[in-house]
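One letter stands for each residue in the lines below.
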Amino acid sequence: MRFVFRLLVLALAAASQFVSAAAADDEVGRGPAARWVQDLPVPQPRAARMRQVANGVYDLLSDTQVRPDGAHETFFSRSVYLVTDRNGLEQAARVDIDYDPAFDHVVLNRLRVLRGGKAYDRLPGANVRLMERESDSDSGIFDGVKTVHVEIDDVEVGDIVDVSYSWESRLPFWPDQFFASFKTEWSVPLEMMRYRVLWPAARPLTIRNRKTALKPVLAHDGTLVSYEWRSVDGEPVAGEDGTPDWYPTWGSISLSSFTSWGQVVDWAMPRYAAGALPAELAARVDAIARKYPKPGDRITEAVRLVEDDLRYVSLSIGNNSFRPRSPAETFRSGYGDCKDKSALLVAMLRRLGVEAYVALTDTKTGPVLPQMAPAANIYDHAIVEVRLGGRSYWIDPTSAHAGGRFPDLAPVDYGWALPIAPGQTSLEHMPKPHLAAPNYRTVERYELSQGSRPALRLGVVTTYTGAQADSMRNDLANKSLAKTDSNYLNFYVGMYPGLVREKPLAVADDRDANRLVTVEAYRLPPDDLRRGKLLRSFPVKASSLDAYDKVPSGARTTPYQLPSAVNKEHTVVLVTPGRRPPAPPAAAIDGAAFRYALNVTRSGDTLTLDYRLAGRDDDVLKAPAVPGAANDADAASNSNRWNLDLTSMAGGTIGDETGTWWRAFVLTLLVLLVTAALLAATAFAVRHGLRADDAHADDGFFFPVHPAKFLLMGLATAGLYAAFWLWKSWRWQRRHGQPLIQPFWRAVFGVFWLYALFRAVDARGRVAMPLRIVAIAAAFACPAWVLLCGVLGADPRYAALAIVLNALSFVWMLPIVVAVNRLNAAEILRANSRVTDLTGAAAAGGLVAWVVVLVPALAAGPWKALGLF
């Protein structure tokens, strides 16, 4: 049936267009313009402007002339343009004129092509068609406007097209009144603009300029005055994305025969007079009054009745364009537009004893209505003002699925509105909403199971309040719950392939509190978690904090429209038993557009990332502040997405944990003190060692020392004593056999010179040891040992073990220490093997250094999970 219905609609539409084309000559006239219309010569193109032409059309003239005459109004419009490129042919050869057949009659005055200095009249044979277009029908809006469509034959690049037409409008809504507006600047080159109005000399004409200083030239003609605005060779003004609808990117002028907003109220009062309620609705309203004695509850129930029981349909055709239907007609039909629903709600509230009025506003230019000439046709929306307790409250009855109870309804903010109330003489301002607390909170909880093949569970709880709850409630009504559930799953699957739904999406809605909660539950199996290194690079993202991602970068000349009333919290909780992934750094941004913060905390095996995003009360950003806001948006975007290593134990402590700062201070101070002490001890030891060398260098070979002392000092100093022994031995060798060697560098890179030292010892005499074999073994084993330590140290969990093993690499020098001892007399060996005060101090300093180095390494390892550090 639905398919058949669609075919029927298409057939009727085709038939409608056919009939309209056949009747075009009856509805659209052809003939010269009225005698009061003044003609202008075709302006000549300017070479300098040709460079600025886009889309192949250069506008030479835009001429509009208007003559109000009592209950009628005659408009004349002329456009002249040059076709500069092939891309402009389609636009240049087409004329579209929108008009309302209920009030307007269109006459084509001129349709000619100028080519090579000659004019070719295309009007007599023009193919004129009428089309009915309801571009907003999907939104329930029908305005009855038709389009005169003309295709001009034989148009070529280089032609000048000259088109003019007139239309006469009946004014049943405001006889003897006149309202108009026009632009004085364009985004494309325009050689000449003229706007001319013939107006009775005895009546004032209100003129309001916005972003232009252009003034009219007045010329008197009997009882009429000609107001003429003219602009020649205006500089094109480029538009910018994101500019507020109300901002005057291009200069404009509004005109009105009214001199005050009070006159608009006087005009609207009889049209918006409250009508009687039908008996059925009156009974329902009286039932509300009996059940709810408080005004706030009565208002809530009346608003919900209008919002829930009447669908939105706008039949703004003919008399319905500027006059609401009666409450009885609206209720019986079950639908209405903003005027109808507002008038109906006002009638209901007044029956409930609540003071209420219809208020006229504009969804685009509402914030700047005071800058406009007061007129009856500059609004596109009607709402309701409730006056209670000395305050004004604004209600939009066209909303759907709104929650909360009066006065805690989602705020309405269109800037300014004009209540249709007795004695009302001015516009009233609607205060901007201020969100003191977040109206969107989401918590994502990731729980990793234990073991070498962990699985992951993800739970998501999102709480919507206020306007966010209204929006989410409306989304759920427009989509099925299953579709919403599927969309949510697909989002997370995009981040975590293999994720499956563990429970269906659950929704809990408290409409009175205007609080809606959704609960999601997912599971990621072990194999999918390990696939593609997901476990080592696990993405987390505060995806709800994208409100400012589209702020444009670069300089601009117009303000930027920010999202309205943003206040969100997003929390990511990671529970990783036995693991300690490194945490992202905390962040804070206090910018012109918004405030952003990321707080990071850790408790045991739980890492928590708390995000907060709050917009400013003023949702319009001035042009100079836009580049900075774009940088802030980039910084916030980079801060709310991370790839975390869930296998790591190197997380350490969080910067804002209690006491961390003084621990870091004490540790840093200790490291500095130990380093200073070690440097002083080293300098003293080197000086003492040089003197000792001179005392026994001629009596002994190399540097004899007992193996026990070598091991003790090597352990105490984390191997530094072994480097000291090498330095002493190579100094002896330089003095007695190889004067060109560098003992310091042979000690620093001792692992590469072990074999050479073995050979030097072996050359001094037999020591009853297979030194060549031992030398080869040490030369290979020691570098391998160091390499192993490097591999272990790459994993923070084994950093402490790597440090210990690396410090023990000096044990491979014990065979050569024993060999050196056998070369020397017992007296010399005993003299060098004593533990002096100096060696004791060095050992004590080395042990302190061990503590300083090992404690942080142990804190990052598996011992942390046991609670030992």
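Residues numbered from 1 in each chain as written. Predicted model: local features only at pLDDT ≥ 70, side-chain atom pairs only at ≥ 80, totals over all residues. Heavy atoms only, no water.

**Student:** Would you explain the overall build of the chain in this entry?
**Tutor:** The helix and strand inventory of the chain stands at 24 helices and 36 strands. Counting all 869 residues of the chain, 46% fall into the buried class. Roughly 42600 Å² of accessible area belongs to the chain as shown, and the carbon and sulfur atoms make up 57% of that amount. (Helix = DSSP H or I, 4+ residues; strand = E, 2+ residues; numbered from the N terminus. Buried < 20%, exposed > 50% of the residue type's maximum accessible area, 1.4 Å probe, protein only. Areas by Shrake-Rupley, 256 points an atom, 1.4 Å probe, with all protein chains shown as cover.)

**Student:** Looking at this structure, I do not really get helix 7 (residues 295-309). What am I missing?
**Tutor:** Along an α-helix, a turn takes 3.6 residues, which lines up residues three or four apart on a common side. When the terminal C-alpha atoms of helix 7 are compared, their 21 Å separation across 15 residues agrees well with the 21 Å that a helix rising 1.5 Å per residue should span. Across the 15 residues that make up helix 7, a large majority, 11, are buried. All of the buried residues along helix 7 are Gly 296, Arg 298, Ile 299, Thr 300, Glu 301, Ala 302, Val 303, Arg 304, Leu 305, Val 306 and Glu 307. Looking at the buried positions of helix 7, the neighbouring elements they touch are helix 6 (279-291), helix 9 (338-351), strand 21 (381-388) and strand 22 (391-395). (Expected span 1.5 Å × (residues − 1). Contact = heavy atoms within 4.5 Å.)

**Student:** It is not clear to me how the sheet that holds strand 32 (residues 587-590) should be interpreted in this structure. Could you clarify?
**Tutor:** Through backbone hydrogen bonds, the strands of a sheet pair up, either in parallel or in antiparallel fashion. Strand order in the open sheet formed by 8 strands is 27-28-26-25-31-34-33-32, with mixed pairing between adjacent strands. The open sheet has two edge strands with one neighbour each: strand 27 (500-510) and strand 32. Ignoring strand direction, the axes of neighbouring strands in this sheet form an average angle of 10°. Pairing of strand 26 (residues 456-465) with strand 28 (residues 515-524) involves 10 bridges; the strand directions are antiparallel. When the sheet's bridge partners are listed, Val 460 is paired in strand 28 with Glu 520. (Pairing = 2+ DSSP bridges. Axes fitted to C-alpha atoms, helices over the stretch in contact; angles between N-to-C directions.)

**Student:** For this particular structure, what's the right way to read the packing of aromatic side chains?
**Tutor:** The geometry of an aromatic ring pair is captured by the separation of the ring centres together with the interplanar angle, meaning the angle of the planes. Taken as a whole, this structure holds 20 aromatic pairs when the rule is applied. Pairing Trp 174 with Trp 267 gives two aromatic rings, centres 6.0 Å apart and planes at 55°, and the pair type is tilted. Of the two residues, Trp 174 is situated in the loop between strand 10 (160-170) and strand 11 (179-183) and Trp 267 in helix 5 (residues 261-268); the sequence distance between them amounts to 93 residues. Trp 267 carries the same exposure label as Trp 174, and that label is buried. (Phe/Tyr/Trp six-rings, centres within 6.5 Å; stacked < 30°, edge-to-face > 60°.)

**Student:** Would you mind going over the confidence of the model for the chain with me for this structure?
**Tutor:** Regions with low pLDDT carry predicted coordinates that are not meant to be interpreted in detail. Here the chain averages 83 in pLDDT, and 78% of its residues register 70 or above. Summarising per-element confidence for the chain, the mean pLDDT is lowest in helix 1 (residues 2-22) (36) and highest in strand 28 (98). Contacts of residues 655-661 to residues separated by more than four positions or lying in other chains number 7 contacts, the stretch itself having pLDDT below 50. Ignoring residues within four places in sequence, the model shows residues 857-869, a span with pLDDT below 50, making 25 contacts including any to other chains. (pLDDT = per-residue confidence, 0-100.)

**Student:** Honestly, a nonpolar patch on the surface in this entry has me stumped. Any pointers?
**Tutor:** Residues Phe 744, Trp 745, Val 748 and Phe 749 make up a contiguous nonpolar surface patch of roughly 440 Å² in combined accessible area. Tracing the backbone shows Phe 749 in the loop between helix 17 (743-748) and helix 18 (754-762). (Patch = residues over 30% accessible without salt bridge, like charges linked within 9 Å, V, L, I, M, F, W, Y side chains within 5 Å. Salt bridge = Lys/Arg side-chain N within 4 Å of Asp/Glu carboxyl O.)

**Student:** Explain the side chain of Thr 64 here, please?
**Tutor:** Structurally, the position occupied by Thr 64 is in strand 2 (residues 57-69). Those residues in contact with Thr 64, other than ones at most four positions away along the chain, are Phe 76, Arg 194, Tyr 195 and Arg 196.

**Student:** How do you make sense of the pairing of strand 21 when you look at a structure like this?
**Tutor:** Regular strands show a simple pattern: their side chains alternate between the two faces of the sheet. Buried residues dominate strand 21, accounting for 6 of its 8 residues. When strand 20 (residues 355-361) meets strand 21, the two strands line up antiparallel, connected through 7 bridges. For Ala 356, the partnering residue across the bridge sits in strand 21 and is Val 386. Adjacent in sequence and paired antiparallel, strand 21 and strand 22 are bridged by 2 residues, among which Gly 389 carries a positive phi angle near 65°.

**Student:** Help me understand helix 9, please; the structure alone is not making it clear to me.
**Tutor:** Its 14 residues give helix 9 an end-to-end C-alpha distance of 20 Å, which sits within 8% of 20 Å, the value for a rise of 1.5 Å per residue. For helix 9, the tally of buried residues reaches 12 of 14 residues, placing the bulk of the element in the interior. Within helix 9, burial applies to Cys 338, Lys 339, Asp 340, Lys 341, Ser 342, Ala 343, Leu 344, Leu 345, Val 346, Ala 347, Met 348 and Leu 349. At the exit of helix 9 stands Gly 353, carrying a positive phi of roughly 85°.

**Student:** Looking at this structure, how should I read the pattern of salt bridges?
**Tutor:** Oppositely charged side chains can pair when the atoms bearing their charge come close. As enumerated under the stated definition, the model contains 45 salt bridges in all. Residue Asp 233 pairs with Arg 46 through a salt bridge whose shortest N-O separation is 3.7 Å. Of the two residues, Asp 233 sits in strand 15 (residues 224-234) while Arg 46 sits in the loop between strand 1 (28-30) and helix 3 (47-50), which places them 187 residues apart along the sequence. What makes Arg 46 partly exposed here is its relative accessible area of 35%. One network of salt bridges, with partners in common, ties together Asp 39, Arg 78, Arg 110, Arg 112 and Asp 162.

**Student:** Sorry, what's going on with the sheet that holds strand 9 (residues 146-151) here?
**Tutor:** Taken in spatial order, the 3 strands line up as 4-9-7 in an open sheet, and their pairing is antiparallel. Among the strands making up the open sheet, the edge pair consists of strand 4 (94-99) and strand 7 (127-132). Each strand axis lies, on average, 20° off the axis of its neighbour in the sheet, ignoring direction. As paired strands, strand 4 and strand 9 are joined by 6 bridges and run antiparallel to one another. Across the sheet, residue Ile 97 finds its bridge partner in strand 9, namely Val 148.

**Student:** What's the story with the pairing of strand 25 (residues 440-448) in this structure? I'm lost.
**Tutor:** Side-chain alternation along strand 25 places Tyr 440, Thr 442, Glu 444, Tyr 446 and Leu 448 on a buried face and Arg 441, Val 443, Arg 445 and Glu 447 on a face that remains uncovered. The pairing of strand 25 with strand 26 spans 9 bridges and is antiparallel. Paired with Tyr 440 across the two strands is Tyr 464, which belongs to strand 26. As defined by bridge partners, strand 25 adjoins strand 31 (residues 567-575) across 8 bridges and the pair is classed as parallel. Each bridged residue has a counterpart across the sheet, and for Tyr 440 the counterpart in strand 31 is Lys 568.

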